[in-house]
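Structural features, examined
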Amino acid sequence: MSDRKARLSIDGCTQPIELAVHSPTLGPDVIDVGDLSGHGFFTHDPGFTSTSSCESKITYIDGDKGVLLHRGYPIEQLAAQCSYLEVAYLLLNGELPNAAQGAEFSSAISRHSMVTEWLRDFYNGFRYDAHPMAMLCGVVGALSSFYHDLLDIHDAEHQQITTHRLLSKMPTLAAIAYKHSIGQPALYPRNELDYTSNFLYMMYGTPCETYEVDPVVARAMDRIFILHADHEQNASTSTVRLAGSTGANPFTCIAAGVAALWGPSHGGANEAVIHMLEEIGDIKNVDSVVARAKDKDDPFRLMGFGHRVYKNFDPRATVMKQTCDEVLEALGVSDPSLEIAKRLEEIALEDDYFIEKKLYPNVDFYSGIILRAIGIPLNMFTVIFALGRTAGWLAHWNEMIAEGSKIGRPRQLYTGPAKRDVKPLGER
Ligand code: CMC
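Everything in this summary refers to the structure shown in the same document. Computed from a prediction, not measured in an experiment: that's the story for all the values here.

Rules used in this analysis
Residues numbered from 1 in each chain as written. Predicted model: local features only at pLDDT ≥ 70, side-chain atom pairs only at ≥ 80, totals over all residues. Heavy atoms only, no water. Axes fitted to C-alpha atoms, helices over the stretch in contact; angles between N-to-C directions. Helix = DSSP H or I, 4+ residues; strand = E, 2+ residues; numbered from the N terminus. Parallel < 35°, antiparallel > 145°, perpendicular 65-115°, else oblique. Left-handed = near helix turned anticlockwise from the far one by under 90°. Contact = heavy atoms within 4.5 Å. Near = heavy atom within 4 Å. Polar contact = N/O pair within 3.5 Å; in protein donor to acceptor, adjacent residues only side chain to side chain. Nonpolar A, V, L, I, M, F, W, Y, C, P; charged D, E, K, R; others polar. Core = buried A, V, L, I, M, F, W, Y, C linked by side-chain atoms within 4.5 Å. Buried < 20%, exposed > 50% of the residue type's maximum accessible area, 1.4 Å probe, protein only.

Quick word on the packing of helix α13 (residues 315–331) against helix α14 (residues 336–350)
When two helices pack together, their arrangement is given by the angle between the helix axes and the distance between those axes. Between α13 and α14, the shortest axis-to-axis distance is 13 Å and the interhelical angle comes to 155 degrees. Considering the angle they form, α13 stands roughly antiparallel to α14. Handedness of the crossing formed by α13 with α14: left-handed. Counted together, Lys321, Cys324, Asp325 and Leu328 of α13 and Leu338, Lys342 and Glu345 of α14 form the full contact between these two elements.

Put into C-alpha cells, the structure is as follows:
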C-alpha cells in the first residue's frame, strides 16, 4: 500500500474525488475505486480489462514481458524441476515442500482418490456421447451431496479435507467420464502410483491386463498439469471466486469453474486448435486460413493465438512447444498437424496484423498436439486443463475464504427503458 492518491475531476462536481492508490509487490499501481459509489458514481469496465477484482499473493503475470510467477517462482523453473503435486502444494501453502512435506502431502492426497459407488452410478445417467466436460461439471458439483457434514467453509479442518478431496478425486472423476464414453469398466485408483501415473492408469488400463505407465508420457502429462495449474484471475478462477464469495460450498464453486473453463475462448481452445488444424489439413492451406483470421467480416479466429494479458510470448507456450518436440521424438510419433502448427506460427509471427495486435501462440496452441501424441482423445483435452487448474482454483478459493471477502456483486451501466406504466391489455 502507498500514500499516493489519485484525484478524479468530474464535470459538475465542485471537488475532485480522492482515491487511494495501492502499490503491489510487482506490476502497475492500482487505483482503489471502492469509495466511488459513496460519491454517486460507478466505474464501467466490461470484460474487466482494467480492473483488479481482488488482492492475491498466489500468481503474478507480466504480460508485456512474458513472465509468469507462482508465489515468486518462474513457471519455466517449476516445469523443469518440480512435480505437479509440488506445484499444487506451493500454490496452496505459499512455499515449495521439502522432501518430508512433499511425501506427506502426496500421501494425504492419494488417500482420497476413490469416489463413492453412489457417485460412480451417476455416470450411467449420461449417454455414451455426453461430453466429458458436461459429466465433470455435474459430478464435481454432486460431490457436495456426499460430504454435507464437512462443508463449514470457515472451519480450517473442513477446508483442508475438502481441498485434498477435490484435488485427489478430479483425476478419478475425469477417467470415469472417459471410460463411460468408450463403454469400458471404470478402474479404481491405485494409490501406490504417483498422482499423474494414477490418472494415466485409470485412463488407459483395463481390468483384463497389466498396464505399465510410460514414464515419458507421465512426465509430459505432469508438465501439462503444471503449465495449467494457475493463471491468476482468469475467467474460470474469477468464477470460482465469485461463486465462493456467496459462501457456496467449494465443490459447487469448482463445478462453476469447470463450466467457465469449457468455453472456446478459455480452456476449450485446446480442443478447438486441433479441430482447426484438422480443417486446415495441409500446409498449402495455411495462407488462406491466416487471411480469414485477418478478415474483419469473418468471425473466424486462429485458435491458440492471442491472450488478454500476454502481449508478448506466453511463457507456458514456450515450455509447451519444447515439451511437444521432446515427446514426439521420444515416442517416435510424427504428426502432420505439428508441421501445420509450426507453419501457422511462422506466418502469423511475421504478419503485420498479428504483430500490431500482439497476437502470439498461447498455452493451448501446442498442448493439443502433445495430448494427441500420448493418446488422449480430443474431447478430454479441456478436462485435462480442468485437472491441472484445480490446484489454482482451490488455492484462490482458500485465499479468498481466509481473507474474508465481500460477496461479489458488480453494478451495471443501465441502458434499458426509463420508468413507464403498464398499459391495460387492449392498449398494448
Ligand atoms: N485470431 C485473429 N484475431 C484475433 C485473435 C485470434 N486468435 N485474437 C484476437 N484477435 C483480434 C481481435 O479480432 C481484435 O481485433 P480488433 O481490435 O480489430 O477488433 C483484437 O485482436 C483484440 O482481440 P480481443 O478479442 O479484444 O482480445 P481479448 O483480450 O478480449 O481476447 C482471447 C483474448 C484469448 C479471447 C482472444 O485472443 C481469442 O479469442 N483467442 C482465440 C481463443 C484462444 O486461443 N483462447 C485461449 C486463451 S489462453 C488459455 C486460457 O487462458 O484459457
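Some words on the site of the ligand
Around the ligand lies a shell of 22 residues, among which His266, Lys296, Leu302, Gly304 and Arg308 are the nearest. In this structure, Gly304 approaches the ligand through a main-chain N or O atom, which is 2.8 Å from an oxygen atom. Take Tyr353: an N or O atom from its side chain is 3.0 Å from a nitrogen atom of the ligand. Counted by class, the shell around the ligand contains ten nonpolar, seven polar and five charged residues.

A short note on the nonpolar core
Leu167, Leu277 and Leu302 are the most contacted members of the largest nonpolar core, which has 113 residues in total. The contacts of Leu277, once residues within four sequence positions are left out, are Ser337, Ile340, Ala341, Leu344 and Ile369. Ala6, Ile17, Leu19 and Leu36 belong to the second-largest nonpolar core, a separate cluster that totals five residues.

Details of the packing of helix α8 (residues 215–228) against α13
It is the contact of α8 with α13, at a shortest axis distance of 11 Å, that shows an interaxial angle of 170 degrees. Judged on the interaxial angle alone, α13 and α8 are roughly antiparallel. Across the interface between the two elements, Val216, Val217, Ala220, Arg223, Ile224, Leu227 and His228 of α8 pack against Arg316, Val319, Met320, Thr323, Glu326, Val327, Ala330 and Leu331 of α13. In the contact of α8 with α13, the residues fall into ten nonpolar, two polar and three charged.

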